[in-house]
Protein chains: 2
Amino acid sequence: MRTSFACLMKPVLHGYFRSSCSWRVRIAFALKGIEYDQVPVNLVKDGGQQLTDQYKTVNPMQQVPAVTIDGITLSQSLAIIQYIDETRPRPPLIPADLQQRAQVRMISDLIASGIQPLQNLYVLQKVGEEKLQWAQHFINKGFKALESILKQTSGTYCVGNEISMADICLVPQVYNAERYKVDLDQYPTIKQINQTLMELEAFKVSHPSCQPDTPDDLRS
Amino acid sequence: MRTSFACLMKPVLHGYFRSSCSWRVRIAFALKGIEYDQVPVNLVKDGGQQLTDQYKTVNPMQQVPAVTIDGITLSQSLAIIQYIDETRPRPPLIPADLQQRAQVRMISDLIASGIQPLQNLYVLQKVGEEKLQWAQHFINKGFKALESILKQTSGTYCVGNEISMADICLVPQVYNAERYKVDLDQYPTIKQINQTLMELEAFKVSHPSCQPDTPDDLRS
């Protein structure tokens, strides 16, 4: 039977080492202890491998990540992560408490809709020369709000004391903020939670500096 | 008891008649048959009422919508809609089937992260003179992908034959596309589903043309 056979196959992540949305999915797989294969899609080489007709059949939006899993192909990192969480529930990435679930999604969406899309590669290419200021502006705007929200919701992690999808979104966004030279000392709560998370194995093994497609000069 | 008392109070939507993300939440309330109060936040008057210190305590991101419900205040429309769906389950806005759930979230996020943030008021103000072309570019890019995905997932509605959160995202985005003069004839599946949805009462009563804060000259 097709479905059973598909379930026995390892998931395949189409991603890019430096893409923050790809990193989100890598963290989710690592936290769940799920083995997966990676198919690198180089967003800059050859004008962008995500723009090929072949990749368009994987993700019509021509972005990474996309994941082939259980016989279907999904795009949009938060949809992928929630699918992984609903089909492989341990450990949970969305808490059981209904109000905490909403807070996890609110923080995840603040990053995934309110910050990341405005500083991704494709948008910055369109912005042109002022791209550093543009990226800093939107990251700072989002981080000011996020810092204020986290003061209400956080414990050890973004929402209480359990790791969730919100933490999976936070760490790659902080990595982007550092790339764009945002001063993180303005955001002590974000900085503290990020440091705590970066001590964990799942966040380390999924880091952009150690993926199959990481160039040698960026490895650590 | 505070929680029980809060549950007896009507939810309050802080929104703006023309905001597509506010409209999403209005559709969800209408589909569920939930009565709510509206507090208008005029995004253009007085330089933008969302920028006041008072509103910042409601939503630190200084955007609409925000909803006060069951004693908490939430922002980010998809987090709000999923909270409403999980606390008031009938009729469901996310299907029971795990793969369809993922497809609903994928389509919702394609719109909510991949299109809307790049053509919202605040970003277009920063883009300046070329804002019409900028908005058209990102809406067309997203709609091309969406049209291709919907050909796989849709029945009467975006995913199969039941209304879902994906439909709640689709209709306000089509409204924005029309505002920015995008040629919808390029997207027959999007156009057809939108027409079908716009026949339904929940989408009509929540339309920007008939809200408490709709200016008289835009009423219909």
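Residues numbered from 1 in each chain as written. Chains lettered and ligands numbered in written order. Predicted model: local features only at pLDDT ≥ 70, side-chain atom pairs only at ≥ 80, totals over all residues. Heavy atoms only, no water.

Looking at an unreviewed UniProt entry, chain A carries the name Maleylacetoacetate isomerase, with the source organism given as Hemibagrus wyckioides. Turning to chain A, the UniProt annotation filed under Cofactor (unreviewed entry) states: "glutathione". According to its UniProt record, chain A has this under Subcellular location (unreviewed entry): "Cytoplasm". (UniProt positions renumbered as here; feature names shortened; annotations may be inferred.)

Caption draft 1: Looking closely at unusual backbone geometry. Here the amide bond leading from Arg 90 of chain A into Pro 91 of chain A is cis, since omega sits at -15°, within 30 degrees of zero. One can find Pro 91 of chain A in the loop between helix 4 (77-87) and helix 5 (98-114). Here the phi dihedral of Gln 76 of chain A falls at roughly 70°; this positive angle occurs in a residue that is not glycine. Counting through the fold element by element, Gln 76 of chain A comes out in the loop between strand 4 (72-75) and helix 4. The phi dihedral of Asp 46 of chain B is positive, around 55°, even though this residue is not glycine. By the element assignment, Asp 46 of chain B lies in the loop between strand 2 (37-40) and helix 3 (53-58). Assessed through its relative accessible area of 65%, Asp 46 of chain B is described here as exposed. (Helix = DSSP H or I, 4+ residues; strand = E, 2+ residues; numbered from the N terminus. Buried < 20%, exposed > 50% of the residue type's maximum accessible area, 1.4 Å probe, protein only.)

Caption draft 2: Structural detail: the domain arrangement of chain A. Residues and elements named next belong to chain A. Here the domain parsing of chain A yields domain 1 (2-91) and domain 2 (98-203). With 15 residues of domain 1 at the interface, the matching set in domain 2 holds 20 residues. Here domain 1 and domain 2 share 0 salt bridges between them. Scanning the region where domain 1 abuts domain 2 turns up 2 residue pairs in polar contact (both at pLDDT 80 or more). Going through the elements one at a time, helix 2 (20-32) and helix 4 are the ones with two or more residues in the side of domain 1 that touches domain 2. Examining the composition of the side of domain 1 that touches domain 2, we find that 8 residues originate from one element, helix 2, more than from any other. Residues that form the side of domain 1 that touches domain 2 fall into these classes: 10 nonpolar, 3 polar and 2 charged. (Domains from an automatic or database assignment. Contact = heavy atoms within 4.5 Å. Salt bridge = Lys/Arg side-chain N within 4 Å of Asp/Glu carboxyl O. Polar contact = N/O pair within 3.5 Å; in protein donor to acceptor, adjacent residues only side chain to side chain. Nonpolar A, V, L, I, M, F, W, Y, C, P; charged D, E, K, R; others polar.)

Caption draft 3: Structural context of the packing of helix 2 (residues 20-32) of chain B against helix 4 (residues 77-87) of chain B. All names here are of chain B. Contact geometry for helix 2 and helix 4: axes closest at 9 Å, N-to-C directions at 10°. When the axis of helix 2 is compared with that of helix 4, the two are roughly parallel. Two secondary-structure elements touch here, helix 2 through Cys 21, Arg 24, Val 25, Ala 28, Phe 29 and Lys 32 and helix 4 through Ser 77, Leu 78, Ile 80, Ile 81, Ile 84 and Asp 85. Along the lines of polarity and charge, the residues of the contact of helix 2 with helix 4 split into 8 nonpolar, 1 polar and 3 charged. (Axes fitted to C-alpha atoms, helices over the stretch in contact; angles between N-to-C directions. Parallel < 35°, antiparallel > 145°, perpendicular 65-115°, else oblique.)

Caption draft 4: Here's a closer look at the environment of Ala 66 of chain A. Residue and element names in this part refer to chain A. Structurally, Ala 66 is set in strand 3 (residues 66-69). Once the C-alpha coordinates of Ala 66 and Ser 77 are considered, the two residues, 11 residues apart in sequence, prove to be 7.7 Å apart. Once residues within four sequence positions are removed from consideration, Ala 66 is found in contact with Val 12, Leu 13, His 14, Tyr 55, Val 58, Asn 59, Leu 74, Ser 75 and Ile 80.

Caption draft 5: Geometry of the pattern of salt bridges. Counted under the stated rule, the structure contains 18 salt bridges over all chains. One salt bridge in this structure joins Glu 147 of chain A and Lys 151 of chain A, with 3.8 Å as the shortest N-O distance. Remark: Lys 151 of chain A and Glu 147 of chain A occur in helix 7 (residues 131-153); sequence separation between them is 4 residues, near one turn of the helix. A salt bridge links Lys 10 of chain B to Asp 37 of chain B; its shortest N-O distance comes to 3.4 Å. Of this pair, Lys 10 of chain B sits in the loop between helix 1 (2-8) and strand 1 (12-15) while Asp 37 of chain B sits in strand 2, and the two are 27 residues apart along the sequence. Look at the salt bridges and you will find they share partners, linking Lys 10, Glu 35 and Asp 37 of chain A into a network.

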